Amino acid sequence: RGVEKLLLTRPPMSLTPVVESICGDSCIAYAWGYLAALESLTGVTPGFETEVLRGVALEMERIAIHVATLNGLATDIAFLQGTGTYGRLRTAVINASQRVSGNRFGHGWLRPWLTKGLGGGLREDLRQTLTDFARDLAGINDLMRSALSVKARFRGTGVVSTQAASDLGLLCVAGLASGISFDARIQFPGRLYESLPFEMVTEPTGDCWARMVVRMREIDASLAWLFRVLDDSTLDLSGGTATPAGTDLRLAPEQLCVSVVEGVRGPVLLALETAADGALRHVKVQDPSLANWFGLALAVRDNGISDFPICNKSFDLSYCGNDL
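Residues numbered from 1 in each chain as written. Predicted model: local features only at pLDDT ≥ 70, side-chain atom pairs only at ≥ 80, totals over all residues. Heavy atoms only, no water.

Trainee: Would you explain the side chain of Arg215 in this entry?
Mentor: Relative to the elements of secondary structure, Arg215 occurs in helix H12 (residues 208–230). Here Arg215 is buried and forms no salt bridge, its nearest opposite-charge partner Asp316 lying at an N-O distance of 5.2 Å. A distance of 2.9 Å separates a polar atom in the side chain of Arg215 from the backbone oxygen of Ser314. (Helix = DSSP H or I, 4+ residues; strand = E, 2+ residues; numbered from the N terminus. Buried < 20%, exposed > 50% of the residue type's maximum accessible area, 1.4 Å probe, protein only. Lys, Arg positive; Asp, Glu negative; His and termini not counted. Salt bridge = Lys/Arg side-chain N within 4 Å of Asp/Glu carboxyl O. Polar contact = N/O pair within 3.5 Å; in protein donor to acceptor, adjacent residues only side chain to side chain.)

This is the structure we're talking about:
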């Protein structure tokens, strides 16, 4: 699609709308990765509350996409209770994101040194939405995990061993479900996740069941983190800019900056290289789907044709994220 070339044709400070469209359901992860690189190259760091708000946006995105995947898994095996309930719950989450950002996928939520906040009742609105969501999610997750038909289709299907996952360098759900302990929020926490840490979520069996359970557990971890943030009265989440008037926002010349943000499919990587005049010379984007496709190719071996849809959906990789 020529994304990397396109990013060299416009001023760096106006590129966020393009970057957040690279992979439509990972809008926040891509935007945050790009903004982190800009901040490093200018030497202007946003306030801590700005990073907290970015974390809120990222976990809302993670929850929405994991729920959408669980919906697809339920649909692929005709488990209609899951199809109906997960679809409804996803709508509640993305509608909450729209009330904050103006867009259900979070477009416009993050901009250079500015993140839309949770003022004017939005903080309590989000807390109540997530409270209701968490209650209903727990019910349908319990139903999915206890249903014999779900166990029969998912357990032992699409297995990727720990050794194979390690050899292939599988990321996020694809790796975590095979016992690979890697999460950029933990390995590279930065000041946000050092102050507000996550716990690692892994499963040992490497099959479709494990990938389903990892998604459920990651949603639970995201909810716990969000409630911790929303309930912390010492955090000002009203939003605002961190760049005082007159700040020099030119990019440092002859520099290479690599940023990593743990998106819903794993680490989203952006590398920015500047020329002697501070203009962008080169931009490299890598979606985590690039590595994980090899895991899917291995998972479908020795499985029946009817198992391909659930193997495919258990990975739920991005086609556009791979085709840059």
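Next comes the rest of the account.
Trainee: Would you explain the pairing of strand S5 (residues 266–274) in this entry?
Mentor: Look at any regular strand and the pattern is simple: side chains alternate between the two faces of the sheet. Of all the nine residues making up S5, seven are buried; the element is thus mostly covered by neighbouring parts of the structure. In the sheet, strand S4 (residues 256–263) pairs with S5 via eight bridges, with the strands oriented antiparallel. Residue pairing in the sheet places Val260 in a bridge with Leu269 of S5. Between the end of S4 and the start of S5, which pair antiparallel, lie two residues. Bridge count for S5 against strand S6 (residues 280–286) is six bridges, and the pairing is antiparallel. (Pairing = 2+ DSSP bridges.)

Trainee: When you look at the packing of helix H4 (residues 48–76) against helix H6 (residues 122–146) in this model, what are you seeing that I'm missing?
Mentor: If you want to describe how two helices pack, look at the angle between their axes and the distance between the axes. Between H4 and H6, the least distance of the axes is 13 Å, while the angle of their chain directions is 30 degrees. Judged by the angle between their axes, H4 and H6 are roughly parallel. The two elements H4 and H6 cross, and the hand of that crossing is left-handed. Of H6, the residues touching H4 (which contributes Val56, Met60, Ile63, Val67, Leu70 and Ala74) are Leu126, Leu130, Phe133, Asn141 and Met144. Residues belonging to the contact of H4 with H6 are distributed by class as follows: ten nonpolar, one polar and no charged. (Axes fitted to C-alpha atoms, helices over the stretch in contact; angles between N-to-C directions. Parallel < 35°, antiparallel > 145°, perpendicular 65-115°, else oblique. Left-handed = near helix turned anticlockwise from the far one by under 90°. Contact = heavy atoms within 4.5 Å. Nonpolar A, V, L, I, M, F, W, Y, C, P; charged D, E, K, R; others polar.)

Trainee: What's the story with the pattern of salt bridges in this structure? I'm lost.
Mentor: Oppositely charged side chains are able to pair whenever their charged atoms sit close together. Following the criterion strictly, the structure yields 21 salt bridges and no others. The closest approach of N and O atoms between Arg135 and Asp132, which form a salt bridge, is 3.4 Å. Placement of the pair is Arg135 and Asp132 together in helix H6, with a separation of three residues, close to one helical turn. In this structure Asp132 comes out as partly exposed when scored by relative accessible area, which is 28%. For Arg153, the salt bridge is made with Asp307, and the minimal N-O distance between the two is 3.3 Å. With Arg153 in helix H7 (residues 148–154) and Asp307 in the loop between helix H13 (289–299) and helix H14 (308–315), this pair connects stretches of sequence that are 154 residues apart. With a relative accessible area of 26%, Arg153 lands in the partly exposed category. The network of salt bridges with shared partners includes Glu59, Arg62, Asp183, Arg185 and Glu218.

Trainee: I'm lost on the sheet that holds S4 in this one. Help?
Mentor: What holds strands together in a sheet is hydrogen bonding between their backbones, with the strands either parallel or antiparallel. One open sheet accounts for three strands, arranged S4-S5-S6; its pairing is antiparallel. Bordering the open sheet on either side are S4 and S6, each of which pairs with just one other strand. Taking the axes of each pair of neighbouring strands and ignoring which way they run, one obtains an average angle of 15 degrees across the sheet. Here helix H3 (residues 27–42) sits on the sheet in contact with S4, S5 and S6, set at roughly 150 degrees to S4.

Trainee: Sorry if this is basic, but what is going on with the packing of H12 against H14 here?
Mentor: It is at 9 Å that the axes of H12 and H14 come closest, and there the two elements cross at 35 degrees. H12 and H14 meet at a crossing whose hand is left-handed. Residue-level inspection shows Cys208, Arg211 and Arg215 of H12 in contact with H14, the latter providing Ile310, Cys311, Lys313, Ser314 and Phe315. For the contact of H12 with H14, a count of residues per class yields four nonpolar, one polar and three charged.

Trainee: It is not clear to me how the nonpolar core should be interpreted in this structure. Could you clarify?
Mentor: For soluble globular proteins, the rule of thumb is that nonpolar side chains tend to be buried together. Formed by 90 residues in total, the largest nonpolar core has its most connected members in Phe154 and Met212. Considering every element that reaches this core, the biggest residue donor is H12, with 13 residues. When near neighbours in sequence (up to four residues on either side) are disregarded, Phe154 contacts Leu73, Ile77, Met144, Asp207, Cys208, Trp209, Met212 and Ile310. Membership of the second largest hydrophobic core comes to seven residues, among which are Val173, Leu176, Ala177 and Val201. (Core = buried A, V, L, I, M, F, W, Y, C linked by side-chain atoms within 4.5 Å.)

Trainee: Any chance you could explain the side chain of Glu61 here in plain terms?
Mentor: Along the chain, Glu61 turns up in helix H4. Buried charge without a salt bridge: Glu61, with Arg62 as the nearest opposite-charge side chain at an N-O distance of 7.2 Å. Within the local environment of Glu61, its side chain forms a polar contact with the backbone nitrogen of Ile28, the two atoms lying 2.8 Å apart. Excluding residues within four positions of it along the chain, Glu61 makes contact with Asp25, Ser26, Cys27, Ile28, Ala29 and Phe105.

Trainee: Sorry if this is basic, but what is going on with the packing of aromatic side chains here?
Mentor: Within a pair of aromatic rings, the relevant descriptors are the distance that separates the centres and the angle that separates the planes. Per the stated rule, a full pass over the model turns up six aromatic pairs. When the centroid spacing of 6.0 Å and the interplanar angle of 50 degrees are considered together, the rings of Tyr193 and Trp225 count as tilted. Of this pair, Tyr193 sits in helix H11 (residues 190–195) while Trp225 is found in helix H12, placing the two residues 32 residues apart along the sequence. Here the two residues Tyr193 and Trp225 agree in accessibility, since each one is buried. Where Trp293 meets Tyr319, the ring centres are 5.3 Å apart and the plane angle is 45 degrees; that geometry is what we call tilted. (Phe/Tyr/Trp six-rings, centres within 6.5 Å; stacked < 30°, edge-to-face > 60°.)

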